[in-house]
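If you want the building blocks of each chain, they are given just below.
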Amino acid sequence: MFYHKRNTVLTSQYNQFILITEEVGAAVEESGIRNGIVAVTSNHTTAGIMVNEALECLESDIDDALQRLIPEDHPYAHARILRDYGSTAGNPTGHLKSMLTGNHCLFPVVDGKVVKGDAQEIYFMEFDGPSQRSYTITVQGE
Amino acid sequence: MGEVIDIHTHPAFFEPICGTEGLLEQRRQALGLYKAGTSSLAHIYNQMRCAGIDRLALLPLDLSTQESQTIVSNEEIRQLVDLDPQHFIGFASVDPYRPDALDALEHAFGDLGLAGLKLHPSRQNFSPASELLDPIYALCLRYNKPIIFHAGLSLEPNTTMRYANPLEFETVAARYPRLRISLAHFGFPWVRETAALLLKYPNMYADTGLLYFDSAREFYEEVFTRMLGKYWVDRSLRHQVMFGSNNPRFEQIRMIEALRNLGWRASTLDLVLGQNALEFLG
């Protein structure tokens, strides 16, 4: 069996952590699939999917670490007009942060439930907001 | 800190006036914003909040004789202002070659209550100093409405830099000293010409909607500290420069932050970010 859905997110900050664990669990339940895998995938190159513990202190540390590694004020080659877009690419940091978090995560599904560690939560990571975003949840199994 | 006004935005992709896929694609091609998507007002408000902007001036574009199309109409601008008069300032557009151009503009000012006029000489194909425009300038004076002229480089299709050099506008500023006119995009690449005109003509303004190279911080530093003298805006032009983003081609959030990093006095920033726009709007 195969189940696929697309969720949309209206982000409200330049960089933003958005918990989507409940949405993923609900999609698995809705799929009716008992055993298999669930994949969560971002549809963007300046946003990501991250698995980590949902603590305010950790969100602060992760945000701080990403900013240290990828500062706003740096001579990025991507800072230029893109003819195919007709607009300025002001988002090199978004692309680079997205590269670090990756664009997806994967979990087993057993007996209709997502199998994850107690501390593990799933985040949609905005790195070039505010924006109108989407991610997909795909469940495959039987 | 005072009110922050973005005097130069294009609402072509705002959801309430861009409801079909066909219209979206038409506007993408017409504006040369090939991957733009529709924006809900909730998203626009998020952008404004993140950038610290209180109000947006919305600019339409009437190309009825040159390209048989109106990219955003005066009525659509009025529709947006009616949806949210707290956040939106509506400008009018008129194609000067329309036989009914004066009637259309009178309707825009008198009936629709729009706050000013946007003209685009290099796309609407007219010289700003042409006598064709005199009745339009007179009408703007009669209604005490300012004019924003496109000036300098445009990335839109069907648009050369003919009629876009800031010097094209000197005759208008000299002939109509009570008419407030703004040169959009600071007339880039002719920013020194724009600065010279602002120095001489107090009825001339310019906006900051230029981000043609580099990041906002790098490009504003280049323009406002090297192409122009570092102190020119802060000392001499501080009452005539207005924040304008040219959004959605350029992103407001980083432009405002870059302006704040130019070393201008706090009082100059207040003028540029909002107070000058209030003066310009009358």
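Please refer to the structure placed before this passage.
Draft legend 1. How the structure looks around the overall build of chain B. Along the backbone of chain B there are 12 helices and 11 strands. Its C-alpha atoms give chain B principal-axis dimensions of roughly 45 × 45 × 30 Å. Partitioning the intrachain contacts of chain B with sequence separation of at least 6 by distance along the chain shows that 75% fall at a separation of at least 24.

Draft legend 2. The arrangement of the environment of Asn103(A) in detail. Residue and element names in this part refer to chain A. With respect to the secondary-structure elements, Asn 103 resides in the loop between α3 (92–101) and β7 (104–110). For Asn 103, a count of 17 C-beta atoms within 10 Å puts it in the partly exposed group. Each C-alpha atom of the pair Asn 103 and Ala 26 lies 20 Å from the other, and the pair is 77 residues apart in sequence. Sequence-distant contacts of Asn 103, that is, excluding residues within four places in its chain, are made with Thr 41, Ser 42, Gly 48, Ile 49 and Ser 98.

Draft legend 3. Region of the structure containing the nonpolar core. All names here are of chain B. Of all hydrophobic cores here, the largest spans 87 residues; its most connected members are Leu 58, Phe 91, Phe 149 and Phe 243. Ranked by the residues each element gives to this core, the list is headed by helix α12 (residues 266–281), at six residues. Once you skip the residues sitting within four places of it in the chain, Phe 91 turns out to touch Ala 57, Leu 58, Leu 59, Pro 60, Ile 77, Leu 114, Ala 115, Gly 116, Leu 117, Lys 118 and Ile 148.

Draft legend 4. The environment of Leu179(B), seen in detail. All names here are of chain B. Note that Leu 179 resides in the loop between α7 (170–175) and β9 (181–183). Sequence separation of Leu 179 and Leu 141 is 38 residues, and the distance between their C-alpha atoms is 6.0 Å. Once you skip the residues sitting within four places of it in the chain, Leu 179 turns out to touch Tyr 137, Cys 140, Leu 141, Ile 147 and Asn 203.

Draft legend 5. Spatial organisation of the interface of chain B and chain A. Taken together, the 25 residues of chain B in the interface contact 16 residues of chain A. At the level of secondary structure, the elements contributing two or more residues to the side of chain B that touches chain A comprise α2 (41–51), α9 (216–227) and α11 (252–260) of chain B. The biggest single contributor to the side of chain B that touches chain A is α2(B), with five residues. Across the side of chain B that touches chain A, the residue classes tally to 12 nonpolar, six polar and seven charged.

Draft legend 6. Representation of the sheet that holds strand β1 (residues 5–9) of chain B in the model. All names here are of chain B. Pairing in this open sheet of three strands is parallel, and the strands run β1-β2-β5 from one edge to the other. What marks the edges here is a single partner per strand, and that holds for β1 and β5 (88–90). For this sheet, the mean inter-axis angle between neighbouring strands, taken without regard to orientation, is 25°. In this sheet, strand β2 (residues 55–58) lies alongside β1 in parallel orientation, the contact comprising three bridges. In the strand pairing of β2, Thr 9 is matched with Leu 58.

Draft legend 7. Structural detail: the environment of Thr88(A). Inspection of the secondary structure assignment puts Thr88(A) in strand β6 (residues 87–88). Sequence separation between Thr88(A) and Gly141(A) is 53 residues, and the spatial gap between their C-alpha atoms is 43 Å. Ignoring any residue separated from it by four or fewer positions in sequence, one finds Thr88(A) in contact with Ile81(A), Leu211(B), Arg249(B), Phe250(B) and Glu251(B).

Draft legend 8. Layout of the sheet that holds strand β2 (residues 16–19) of chain A. All names here are of chain A. With antiparallel pairing, the three strands of this open sheet are ordered in space as β2-β9-β4. If you trace the sheet from one side to the other, it starts and ends with β2 and β4 (47–52), each paired once. For this sheet, the mean inter-axis angle between neighbouring strands, taken without regard to orientation, is 30°. Here six bridges tie β4 to strand β9 (residues 121–126), and the two strands are oriented antiparallel to one another. Across the sheet, Ala 47 pairs through a bridge with Glu 126, a residue of β9. Sitting on the sheet, α3 is in contact with β4 and β9, with an inclination near 35° to β4.

What counts and what doesn't
Residues numbered from 1 in each chain as written. Chains lettered and ligands numbered in written order. Predicted model: local features only at pLDDT ≥ 70, side-chain atom pairs only at ≥ 80, totals over all residues. Helix = DSSP H or I, 4+ residues; strand = E, 2+ residues; numbered from the N terminus. Contact = placed C-beta atoms within 7 Å. Buried ≥ 20, exposed ≤ 12 C-beta atoms within 10 Å, placed from the backbone. Core = buried A, V, L, I, M, F, W, Y, C linked by C-beta atoms within 7 Å. Nonpolar A, V, L, I, M, F, W, Y, C, P; charged D, E, K, R; others polar. Pairing = 2+ DSSP bridges. Axes fitted to C-alpha atoms, helices over the stretch in contact; angles between N-to-C directions.

None of this, on its own, says anything about what the molecule does.
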